[in-house]
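As a plain string of letters, each chain reads:
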Amino acid sequence: MVEEIYCKTKPNHKEGFLMNSILDKLVTGQVDVDDLVKNLIQNFLEKLLKAELTEFLGYEKHEPSGRNSDNSRNGYYSRNLHTKYGKIENLKVPRDRNGEFQTALFEPYQRRDNWLEEMIINMYARGLSTRDIADIIEKMYGSKYSASTVSNLTDVALEEIEKWHKRPLKKRYAVLFIDGMSIKLRREHVDNEAVYIIIGIDEEGYREILDFYIGPTESAALWEEVLQDLKSRGLQQVLLGVMDGLPGLAETFLKVFPKADIQRCVVHKVRNSIAKVRKKHQEEVITDLKAIYRSPNREYAIKALEDFINKWSNIYPRLTQSWWEERNELLTFFKYPTSIQPAIYTTNWIERTIKEIRKRLRPTNSLPNEKAAEKLIYLKVIDYNAKWSTRRMKGFLNAKDEILQLFKERYE
């Protein structure tokens, strides 16, 4: 098969001699495939380098027009280059007499292409420690990368993080999900800190993690700063904010986006309610609560809520009273198209996202500093955003016209 491929090609004399020699060795088993690939790549790179120099000088080798030019070819220098195919030794890099030519293939003093650095960042993003990565690189390639060197390589993400935090946002998001998670972070000593996460669904139904922030604790005051920052970057119109029951959070959200609605997470409310109910009543209470938030419309939901209160108010008066007092924020989702209601009455799926981010942080008992935390979270966030950019949330396509109408009624 190798000879057949060779017969179909028409190399020039030198290339034919090189190819013929390589193929003869391959057929007779004197060279392995890895060496063959490296030789072919070296030959290809050297041809590219020659072509680059010709383009730079503006004339072919030995052309008369080059004799009166201000610059000319000046031989070669040899260098080694590490690639993902192996180490290429004695790569011939052409020179010009004025020393002005610089290839676009690699930097002047670069000894390896960027594949290794990219691999290190990918391993770091998937949870390997800097020490583990350094050991792997040394075993695979013999290059000694210390844990601090690997950490410095992953610092390339820090510039990207800064740009990402400041990037302009879309003007409209139909829904904002806001939630927080706790991480162990070392400053002077190790302590729990909060990560604020904001996920938006645009009017087309595409999800995006808009931003994340690290703060000492989760509070409504800090959430206000976070939301105001989003607004300063272009986010002006929101229909619905979905959140848990953090004290003051709903008021803070409406302070920043006064024309939006608030949806309290129904599943959070159910969990908290069950914790206040005796074990023998729990299954029955869950069934009665499901009848409320799984009703076909708000009218039926209010009727089911009234039945729940009549049934349980004597045994659990505080529980039933809290459901009645919070009914408006718990049943907001009924104002929205039926097709998207399952996606907006709970923060469950954003909690799943947070769970995956937490899993990424799990190999580290505590993060050494805020910079390390930001790098790890950011790499997971951009991975999610890349996946979500091509996946529309279920039900939003059918609801698009109704969502656009809601924007028009509130903001135009």
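Before reading on, note that the structure itself is shown above.
About the criteria used
Per-chain numbering applies: the sequence of each chain, read as written, is numbered from 1 onward. The predicted origin of the model limits local features to residues at a pLDDT of at least 70 and limits the giving and counting of side-chain atom pairs to 80 or more, whereas totals for whole chains, interfaces and linings rest on all residues. With hydrogens and water stripped out, all remaining heavy atoms of the structure feed into the side-chain values. Helix and strand assignments follow DSSP, with helices taken as H or I runs no shorter than four residues and strands as E runs no shorter than two, numbered in order from the N terminus. Any two residues whose heavy atoms approach within 4.5 Å are treated as being in contact. Methods summary: accessible areas were calculated by the Shrake-Rupley approach with a probe of 1.4 Å, and residue burial reflects only the protein chains presented. Two strands pair under a simple rule: DSSP has to find at least two bridges between them. Think of each axis as a best-fit line through the C-alpha atoms, taken over the contacting stretch in the case of a helix, with angles from 0 to 180 degrees between the N-to-C directions. Burial status follows relative accessibility: with a 1.4 Å probe on protein chains alone, a residue under 20% of its type maximum counts as buried, one over 50% as exposed, and anything between as partly exposed. In summary, the charge assignment counts Lys and Arg as positive and Asp and Glu as negative, without counting His or the chain termini. Salt bridge, as used here: a side-chain nitrogen of Lys or Arg that lies within 4 Å of a carboxyl oxygen of Asp or Glu. Only Phe, Tyr and Trp rings take part, Trp by its six-membered ring, and two of them pair if their centres are within 6.5 Å. Stacked means planes under 30 degrees apart, edge-to-face means over 60, and tilted covers everything else. As a reminder, the over-ring test applies to NZ of lysine and CZ of arginine, requiring each to be within 6 Å of the ring centre and within 35 degrees of the ring normal. What sets the label is the angle itself: under 35 degrees gives roughly parallel, over 145 gives roughly antiparallel, 65 to 115 gives roughly perpendicular, and the rest give oblique. Basically, the charged four are Asp, Glu, Lys and Arg, the nonpolar ten are Ala, Val, Leu, Ile, Met, Phe, Trp, Tyr, Cys and Pro, and anything else, Gly included, counts as polar. Left-handed describes a crossing in which the near helix is turned anticlockwise from the far one by less than a right angle; the clockwise case is right-handed. The arc in question is formed by the directions pointing from the helix axis toward the C-beta atoms. Side-chain atoms within 4.5 Å are what join buried Ala, Val, Leu, Ile, Met, Phe, Trp, Tyr and Cys residues into a set we call a nonpolar core.

> Explanation requested: the overall build of the protein chain in the structure shown.
A tally of helices and strands in the protein chain yields 18 helices and seven strands. A sequence separation of at least 24 residues applies to 64% of the contacts in the protein chain between residues at least 6 apart. Entry remark: accessible area of the protein chain is about 23600 Å², with carbon and sulfur atoms responsible for 49%.

> Honestly, the sheet that holds strand S7 (residues 261–264) in this entry has me stumped. Any pointers?
In sheet architecture, strand pairing relies on hydrogen bonds along the backbone and comes in two forms, parallel and antiparallel. Taken together, five strands build an open sheet; the order of strands is S5-S4-S3-S6-S7 and the sheet is mixed. Each edge of the open sheet carries a strand with a single partner, namely strand S5 (207–215) and S7. When strand polarity is set aside, the average angle formed by the axes of neighbouring strands in this sheet is 25°. Along the sheet, helix H8 (residues 220–232) makes contact with strand S3 (172–186), strand S4 (190–201) and S5, crossing S4 at roughly 40°.

> I keep staring at the side chain of Lys 380 and nothing clicks. Help me out?
In this fold, Lys 380 is placed in helix H17 (residues 370–388). In this structure, Lys 380 is buried with no salt-bridge partner, the nearest side chain bearing the opposite charge being Asp 383 at 4.3 Å. Apart from residues no more than four positions distant in its own chain, Lys 380 is found in contact with Glu 356 and Ile 357.

> Help me understand the packing of aromatic side chains in this model?
Both the distance between ring centres and the angle between the ring planes are used here to describe each pair of aromatic rings. Following the criterion strictly, the structure yields 12 aromatic pairs and no others. Relative to Tyr 378, the ring of Trp 164 lies with its centre 5.9 Å away and its plane at 70°, an arrangement referred to as edge-to-face. Separated by 214 residues along the polypeptide, Trp 164 in helix H7 (residues 156–166) and Tyr 378 in helix H17 bring together distant segments of the chain. Judged by its relative accessible area of 10%, Trp 164 falls in the buried class. Ring geometry for Tyr 293 and Tyr 345: centres 5.5 Å apart, planes at 45°, overall tilted. Of this pair, Tyr 293 sits in helix H11 (residues 279–293) while Tyr 345 sits in the loop between helix H15 (341–344) and helix H16 (348–361); the two residues are 52 residues apart in sequence, bridging distant segments of the chain. A network of ring pairs unites the aromatic residues Tyr 293, Phe 333, Phe 334 and Tyr 345 as a single cluster. A cation over an aromatic ring shows up here: Arg 327 above the ring of Trp 324, its NZ or CZ 3.9 Å from the ring centre.

> Which parts of the structure should I look at to understand the packing of H11 against helix H12 (residues 298–312)?
The packing of two helices is summarised by the inter-axis angle and the distance between the axes. It is at 7 Å that the axes of H11 and H12 come closest, and there the two elements cross at 155°. Comparing their axes, H12 and H11 come out roughly antiparallel. In this structure, H11 uses His 281, Glu 284, Val 285, Asp 288, Leu 289, Ala 291 and Ile 292 to contact H12, whose residues at the interface are Ala 301, Ala 304, Leu 305, Phe 308, Lys 311 and Trp 312. In terms of residue class, the contact of H11 with H12 is made up of nine nonpolar, one polar and three charged.

> Can you walk me through the pattern of salt bridges in this structure?
Pairing of side chains with opposite charge becomes possible as their charged atoms draw close. Under the counting rule described, the total for this entry stands at 19 salt bridges. Notably, a salt bridge pairs Arg 167 with Glu 208, separated by 3.0 Å at the nearest N-O pair. Pair noted here: Arg 167 is in the loop between H7 and S3 and Glu 208 is in strand S5, with a separation of 41 residues, a long-range link. Of the two residues examined, Arg 167 and Glu 208, each falls in the buried class. With a closest N to O distance of 3.2 Å, Arg 172 and Glu 203 form a salt bridge. A residue pair is termed long-range when its members are at least 10 positions apart, and Arg 172 in strand S3 and Glu 203 in the loop between S4 and S5 qualify at 31 residues. Each of Arg 172, Glu 203 and Glu 412 takes part in a single network of salt bridges with overlapping partners.

> Whenever I open this one, the packing of H16 against H17 confuses me. Can you help?
Where H16 contacts H17, the two axes come as close as 9 Å, and the packing angle between them is 135°. Between H16 and H17, the interaxial angle falls into the category oblique. Where H16 crosses over H17, the two elements pack in a sense that is right-handed. On H17, the residues touching Trp 349, Arg 352, Thr 353, Glu 356, Ile 357, Arg 360 and Leu 361 of H16 are Leu 376, Ile 377, Lys 380, Tyr 384 and Trp 388.

> Quick question: what am I supposed to make of unusual backbone geometry here?
Backbone geometry follows two general trends: most residues other than glycine have a negative phi, and most peptide bonds adopt the trans configuration. For Asn 90, which is not glycine, the phi torsion reads 55° and is therefore positive. Mapped onto the elements, Asn 90 comes out in strand S2 (residues 86–96). Overall, the relative accessible area of 49% leaves Asn 90 in the partly exposed class.

> What's the story with helix H13 (residues 317–325) in this structure? I'm lost.
Side chains that are three or four residues apart share a direction in an α-helix, a result of its 3.6 residues per turn. For H13, the full list of buried residues reads Leu 319, Thr 320, Ser 322 and Trp 323. Projected onto a plane normal to the axis of H13, the buried residues spread over an arc of 160° and lie on a single side. Of the residues in H13, the exposed ones pointing more than 90 degrees away from the buried face are Arg 318 and Glu 325. The elements touched by buried residues of H13 are helix H10 (266–274), H11, H12 and helix H14 (327–330).

> Could you clarify how one ought to interpret the nonpolar core in this entry?
One recurring pattern in soluble globular proteins: nonpolar side chains tend to sit buried together. Ranked by size, the top nonpolar core spans 67 residues in total, and within it Val 175, Phe 177, Ile 197, Ile 292, Phe 308, Trp 323 and Ile 344 carry the most contacts. Apart from the residues within four sequence positions on either side, Phe 177 is in contact with Ile 197, Ile 198, Ile 199, Ile 201, Val 242, Ala 343, Ile 344, Thr 346, Thr 347, Trp 349 and Ile 350. Counting residues in each nonpolar core, the second largest holds 23 residues, with Tyr 173, Ile 198, Leu 235 and Phe 257 among its members.

> Mind showing me how you'd approach the pairing of S5 here?
Every regular strand shows the same layout, with side chains that alternate between the two sheet faces. Most of S5 sits out of view: nine of its nine residues are buried. By the bridge criterion, eight bridges tie S4 to S5 in an arrangement that is antiparallel. Across the sheet, Ile 199 pairs through a bridge with Ile 209, a residue of S5. From the end of S4 to the start of S5, which pair antiparallel, there are five residues, and Gly 205 there has a positive phi angle of about 95°.

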